[in-house]
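Examination of the molecular architecture
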Amino acid sequence: MGLLDSILGRSRPVRPDLDRLFGLPAAALTLQAGTGFVPTGAGSVCFAAVEGGTFARLKEEVRELLDTDAADTATGPVTYASDAYGYTWLTVRRPAEDLITLVNDLHAVNSLLEEAGFGPNLLCSLTGFHAPGADGRGARELALVYLYKRGTFYPFAPRADRAETRDNALELQVRSLLAGDLALEPDMERWFPVWGAPGLGGADRPQAP
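Heads up: these notes are all about the structure in this document. What you see is a predicted model, and the numbers here were worked out from it, not measured in a lab. (Residues numbered from 1 in each chain as written. Predicted model: local features only at pLDDT ≥ 70, side-chain atom pairs only at ≥ 80, totals over all residues. Heavy atoms only, no water.)

Section: the packing of helix 2 (residues 24–35) against helix 5 (residues 168–177)
Rule in force here: In this analysis, axes come from line fits to C-alpha atoms, helices being fitted only over the stretch in contact, and the angle between any two N-to-C directions falls in the range 0 to 180 degrees. Comment: elements are numbered from the N terminus, with helices defined as DSSP H or I runs of at least four residues and strands as E runs of at least two. Note on angle classes: values under 35 degrees are labelled roughly parallel, values over 145 roughly antiparallel, values of 65 to 115 roughly perpendicular, and the remainder oblique. Two helices that cross are described as forming a left-handed crossing if the nearer one is turned anticlockwise from the farther one by less than a right angle, and a right-handed crossing if clockwise. Two residues form a contact once any of their heavy atoms are found within 4.5 Å. Any residue outside Ala, Val, Leu, Ile, Met, Phe, Trp, Tyr, Cys, Pro, Asp, Glu, Lys and Arg is labelled polar, Gly included; the first ten of those are nonpolar and the last four are charged.
With their axes 10 Å apart at the nearest point, helix 2 and helix 5 run at an angle of 125 degrees to one another. Here helix 2 is positioned oblique relative to helix 5, judged by the angle of their axes. Seen along the crossing, helix 2 lies across helix 5 with a hand that is right-handed. Taken together, the residues of helix 5 that come into contact with helix 2 (itself represented by Thr-30, Leu-31, Gly-34 and Thr-35) are Gln-173, Val-174 and Leu-177. Of the residues that constitute the contact of helix 2 with helix 5, the class distribution is three nonpolar, four polar and no charged.

In structure tokens:
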């Protein structure tokens, strides 16, 4: 950081550390022990799409790369969807017990986009978890969201009983539990809601960061 930046109180962006995604399997064990939440087997990467053949080909390369390991080659584990805000979500689904493969997939997607020069388009990656609801009433949902440009994680816990409301107590509990496993985002203003994001239920209009 230069002298002028120091005087003006500015800081340069931290280079994203995608290897932090590999901390998710250990964090999942801590999460299960502390809250009962387990992986759903679904994860997604959110990015701002770019028009043009290069980006379209890259999306297909990602699909082909991940589909080669799919047990069901007819459909594969990868799907794309656009939300109402114009963001694209690439969703990967693996067996719930195979979180390591899912994390490798999310890392590969982020890395391919970054290496192709589309790093500025990457927004976040999401890993889904669920747990039985109180008194056996439905499943509670939780996501661990990785902010690409910050290199940090935060919990997002939508409430099933109220539309577009969050279980703040659970989010704070998860933050405390995972403090030793993941680089958690300290600025809670950046804990953006991702309503209806692929890998989670609820509304179908994600509000991506």
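Regarding the side chain of Asn-110
Stated formally: Burial here depends on accessible area, computed with a 1.4 Å probe over protein chains only, as a share of the maximum for the residue type. Under 20% is buried, over 50% is exposed, and the range in between is partly exposed.
Mapped onto the secondary structure, Asn-110 falls in helix 4 (residues 99–118). Asn-110 sits in the buried class, given a relative accessible area of 1%. With sequence-adjacent residues up to four places away left out, Asn-110 is seen in contact with Leu-18, Leu-21, Val-45, Leu-122, Ser-125 and Tyr-148.

Considering the packing of aromatic side chains
Note the threshold: Two aromatic rings, drawn from Phe, Tyr or Trp (for Trp, its six-membered ring), form a pair once their centres lie within 6.5 Å of each other, and the interplanar angle then sorts them: stacked below 30 degrees, edge-to-face above 60, tilted otherwise.
For the structure shown, the criterion picks out three aromatic pairs. Note on Tyr-154 and Trp-191: the rings are 6.2 Å apart at their centroids and 15 degrees apart in plane angle, and the pair reads as stacked. Of this pair, Tyr-154 sits in strand 6 (residues 152–156) while Trp-191 sits in the segment after helix 5, and the two are 37 residues apart along the sequence. Here Tyr-154 and Trp-191 have matching classes, each one buried. Plain terms: the ring middles of Phe-156 and Trp-195 are 5.1 Å apart, the flat faces sit at 70 degrees to each other, and that makes the pair edge-to-face.

Notes on the state of the cysteines
Cut-off, in case you're wondering: A pair of sulfur atoms, both from cysteines and within 2.5 Å, is called a disulfide here.
In this structure the tally under the stated criterion is zero disulfides. For Cys-46, which is in no disulfide, the shortest distance to another cysteine sulfur is to Cys-124 and amounts to 4.7 Å. Residue class for Cys-46 comes out buried when judged on its relative accessible area of 0%. For Cys-124, a relative accessible area of 2% gives the class buried.

Just distances and angles here, no functional claims.
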